[in-house]
Amino acid sequence: MQLSIQKPFLNQILGIRDKVFRLTKRFLVSNEEAEDATQEVILKLWEMDEERLSKLDSIEAYSMIIAKNYCLDRLKSKQAKVVSLDERIAAPKTISLQKKIEVTDEMDWVSKLIDQLPEKERMIIQLREIEQYEFDQIAKILNLPEGTIRVYLSRIRKKLKNQFLEIQNHGI
Amino acid sequence: MESKKIKKLLDSYFEGKTSISQERILRLYFTSTQDLPLKWEPHRVFFGYYNKVSLEAFPVQYSKHKSLIRPWMIAAAMVTLIISIQFATKINNKDKGPEVSQEEMEFAFHQFKESMKKLSINLNKGTQKIAYLDYLDQTTQKIIKKLL
């Protein structure tokens, strides 16, 4: 690809870079790993010739697929620092329902709950709730039918809410 | 009532039936409304979390801000100052020549501080520019390497 890149394309790449970073961080946990992964994905895009690039219906979907596969490969090879499935969520000290809880602490629980989801479910939450992709995009990235994704999403959302309530009630 | 509409949207949300724009309405509602009923606390936290995390960007780091002022320079400046003050005091004690007043010594010290400040600012400006150029250079090098 020529260095004289058109500005709109460059802006798109910067947007994609952030999304890829967030996704890889969700799976690989550490900032360094996520940065490395993101660089790899972006460089792969740079290396594509214009013809191949123009044939993609969605550069974004393609990037996210590369990112997804990279994460799954890394997790398989066990070289990455993975959040152990046995890791228990630190129970909060004491929660008084009257006292306003610091939002950041609660958000940490949410983060951990999502990190503990099986890979497929984690992907769906990341792509829908955080990246706000439409179902057809998610279907393309995960190679799953739209209907299946909706069903999964419904299940995951309910599960997360119930898990959160369990933690909250535990502290009373 | 607003909360009836929200309740309806929430039910739809948990069935996986909401559209992106409906989900945005929920997110906006739960992150900006005060005094939500306790039963909706989880939603406030979840939507707040999704909102917060969606803003996280790829970290762009410039090389660490390195001060070009070395410890020996500070030491040398201090020694110079001390010697000049002592010198000024000695002249004073010998009662020869004009007395260096307290005012004059303070003024000299003040001038010294100002010039050290100026020196420091100029050195810092230089450092920032160099750091930025360094970063641009590194990134360009990486891309070029891969292209070749």
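Residues numbered from 1 in each chain as written. Chains lettered and ligands numbered in written order. Predicted model: local features only at pLDDT ≥ 70, side-chain atom pairs only at ≥ 80, totals over all residues. Heavy atoms only, no water.

Caption draft 1: Fine view of the overall build of chain A. Helix and strand counts for chain A stand at eight helices and zero strands. Its helices and strands taken in sequence order, chain A reads α-α-α-α-α-α-α-α from the N to the C terminus. Across the 172 residues in chain A, those meeting the buried criterion constitute 47%. Of the contacts formed within chain A by residues at least 6 apart in sequence, a portion of 70% connects residues at least 24 apart. Counting only carbon and sulfur atoms, one obtains 48% of the accessible surface of chain A, whose full area is about 9500 Å². (Helix = DSSP H or I, 4+ residues; strand = E, 2+ residues; numbered from the N terminus. Buried < 20%, exposed > 50% of the residue type's maximum accessible area, 1.4 Å probe, protein only. Contact = heavy atoms within 4.5 Å. Areas by Shrake-Rupley, 256 points an atom, 1.4 Å probe, with all protein chains shown as cover.)

Caption draft 2: Focus on the confidence of the model for chain B. When pLDDT is averaged along chain B, the result is 81, and 72% of the positions lie at 70 or above. Complex prediction metrics read pTM 0.65 and ipTM 0.81. (pLDDT = per-residue confidence, 0-100.)

Caption draft 3: Molecular detail of the nonpolar core. Grouped together as the largest cluster of nonpolar side chains are 61 residues, with contacts concentrated most on A:I114, A:I125, A:L160, B:L26, B:F30 and B:Y50. Residue contacts for B:Y50: discarding those within four places in its chain leaves A:I114, A:I125, A:E129, A:I130, A:L160, B:Y13 and B:R27. (Core = buried A, V, L, I, M, F, W, Y, C linked by side-chain atoms within 4.5 Å.)

Caption draft 4: Structural context of the interface of chain B and chain A. Chain B puts 34 residues into the contact, and the matching count from chain A is 40 residues. Interface area for chain B against chain A, summed over the two sides, is near 3600 Å², with a carbon-plus-sulfur share of 61%. Applying the counting rule to chain B against chain A returns five salt bridges. Our count for the contact surface shared by chain B and chain A stands at 17 residue pairs in polar contact (both at pLDDT 80 or more). Those elements that place two or more of their residues in the side of chain B that touches chain A are α1 (2–14), α2 (20–32), α3 (41–53) and α5 (102–147) of chain B. (Buried area = accessible area lost by both parts, 1.4 Å probe. Salt bridge = Lys/Arg side-chain N within 4 Å of Asp/Glu carboxyl O. Polar contact = N/O pair within 3.5 Å; in protein donor to acceptor, adjacent residues only side chain to side chain.)

Caption draft 5: Main features of α3(B). Residues and elements named next belong to chain B. For α3, built from 13 residues, the straight-helix expectation of 18 Å at 1.5 Å per residue is met to within 8% by its first-to-last C-alpha distance of 18 Å. Burial of α3 is extensive: eleven of the 13 residues sit out of reach of the surface. Turning to α3, its buried residues number three or more, namely E41, P42, H43, R44, V45, F46, F47, G48, Y49, Y50 and V53. (Expected span 1.5 Å × (residues − 1).)

Caption draft 6: Seen up close, the confidence of the model for chain A. All names here are of chain A. Per-residue pLDDT for chain A has a mean of 83; in total, 80% of the residues score no lower than 70. Across chain A, element-level confidence peaks in helix α6 (residues 119–130) with a mean pLDDT of 97 and bottoms out in helix α3 (residues 50–55) with 76. In this model residues 85–103 is a low-confidence stretch, pLDDT under 50, and it forms 22 contacts with partners more than four residues away in sequence or in other chains.

Caption draft 7: Broad picture of the packing of aromatic side chains. Residue and element names in this part refer to chain B. For the structure on display, the rule yields eleven aromatic pairs over all chains. Centroid distance Y29 to F30: 5.2 Å. Interplanar angle 90 degrees. Geometry classified as edge-to-face. Looking at F30, the relative accessible area reads 1%, which means it is buried. Ring centres of F30 and F47 lie 5.6 Å apart, and the angle between their planes is 10 degrees; on these two criteria the pair is classed as stacked. (Phe/Tyr/Trp six-rings, centres within 6.5 Å; stacked < 30°, edge-to-face > 60°.)

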